[in-house]
Structure formats: structure tokens, C-alpha cells
Amino acid sequence: MSENIHYETRLLLMSFATGMGLTMTYDLLRIWRLVCPHRSIWVGLEDVLYWIYTALMLFTLLYSENDGILRAYIILFVLVGMLLYQRIISRNLLKHLKKGLKYLRMKRRRH
């Protein structure tokens, strides 16, 4: 495999992994909100901080791996990574976590 193809493949995989990592980070934020509910002002602030973090992560990916050049397939594979993580892992994880928290709350009320 040529060096260029190896580089482009690596960049594609890093874009995919970045998308998955960003969605996983947001899932951690959502889990925090389930465990410790708080006011909408704090939810809004957390979301703003998450989007600042997302922008910094994407800038870092583009700058360190591609000399700051924006390519459509990089953004596409970040989005694909986000979508696949959300559809496969996030949906099931949060569904089971909500059931577990509901069960714990019911147990706590009985005692």
C-alpha cells in the first residue's frame, strides 16, 4: 500500500474514532444528568461547554493530522462515527441505565 493511501486511511479512521469519542463524551454528560438532575440553566451551560470541547477536538484533529485542511470526507466520517455510536451503543446503554436507575429508585422508596 502506498504511503498516501496509508495516510488517508489513517485520517479516515481517526475521523471516525473522533466522532465516536465525541458522542461518548456527550453520553457521559447525559448519564451525569440522569444521576444528578439539575436546572435547565446548568444543562444549557453544560451544552455550551460540550460544543466548545467539540470544536476544539475537531480543530485539533484537522490541525494535527491534516495541516488544518478541511476535507469533506473528514467531517463525513466524524458524523458517521457519531451516528453509528448513537444508533448502536448509546441507545442501548441509556435504555438499560434508565431501567437500572428506575429500579434503584423503587428499591430506595420501599426501605
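Residues numbered from 1 in each chain as written. Predicted model: local features only at pLDDT ≥ 70, side-chain atom pairs only at ≥ 80, totals over all residues. Heavy atoms only, no water.

Visitor: Break down the packing of aromatic side chains for me, with residues and values.
Guide: Evaluated as defined, the whole model comprises three aromatic pairs. An angle of 75 degrees between the planes, with centres 5.3 Å apart, marks the rings of Tyr50 and Trp51 as edge-to-face. Looking at Trp51, the relative accessible area reads 52%, which means it is exposed. Note on Phe59 and Tyr63: the rings are 5.8 Å apart at their centroids and 10 degrees apart in plane angle, and the pair reads as stacked. Here Tyr63 and Phe59 lie together in helix 2 (residues 40-66), a separation of four residues that amounts to about one turn. (Phe/Tyr/Trp six-rings, centres within 6.5 Å; stacked < 30°, edge-to-face > 60°. Buried < 20%, exposed > 50% of the residue type's maximum accessible area, 1.4 Å probe, protein only. Helix = DSSP H or I, 4+ residues; strand = E, 2+ residues; numbered from the N terminus.)

Visitor: Let's hear about unusual backbone geometry: which residues, and what values?
Guide: A positive phi angle, near 55 degrees, is found at Asp67, a position not held by glycine. Position of Asp67 among the secondary structure elements: in the loop between helix 2 and helix 3 (72-110).

Visitor: If you had to explain the confidence of the model for the protein chain to someone new, which residues and values would you point to?
Guide: When the pLDDT values of the protein chain are averaged, the result is 89; 92% of them are 70 or greater. No element of the protein chain has a lower mean pLDDT than helix 3, at 84, and none a higher one than helix 2, at 94. (pLDDT = per-residue confidence, 0-100.)

Visitor: Quick rundown of the pattern of salt bridges? Include the residues and the values.
Guide: Following the criterion strictly, the structure yields five salt bridges and no others. One salt bridge in this structure joins Glu65 and Arg10, with 2.6 Å as the shortest N-O distance. Linking Glu65 in helix 2 with Arg10 in helix 1 (residues 3-35), this pair joins segments that are 55 residues apart in sequence. Between Asp27 and Arg30 there is a salt bridge whose closest N-O contact spans 3.5 Å. You can see Asp27 and its partner Arg30 sitting in helix 1, three residues apart, about one turn around the helix. Classification of Arg30 by relative accessible area gives partly exposed; the value is 30%. Via salt bridges that share partners, Arg33, Glu46 and Asp47 belong to a single interconnected network. (Salt bridge = Lys/Arg side-chain N within 4 Å of Asp/Glu carboxyl O.)

Visitor: With reference to specific residues and values, describe the environment of Met24.
Guide: With respect to the element layout, Met24 can be found in helix 1. By relative accessible area, which is 44% here, Met24 ends up partly exposed. Note: C-alpha distance between Met24 and Val43 (19 residues apart in sequence) is 17 Å.

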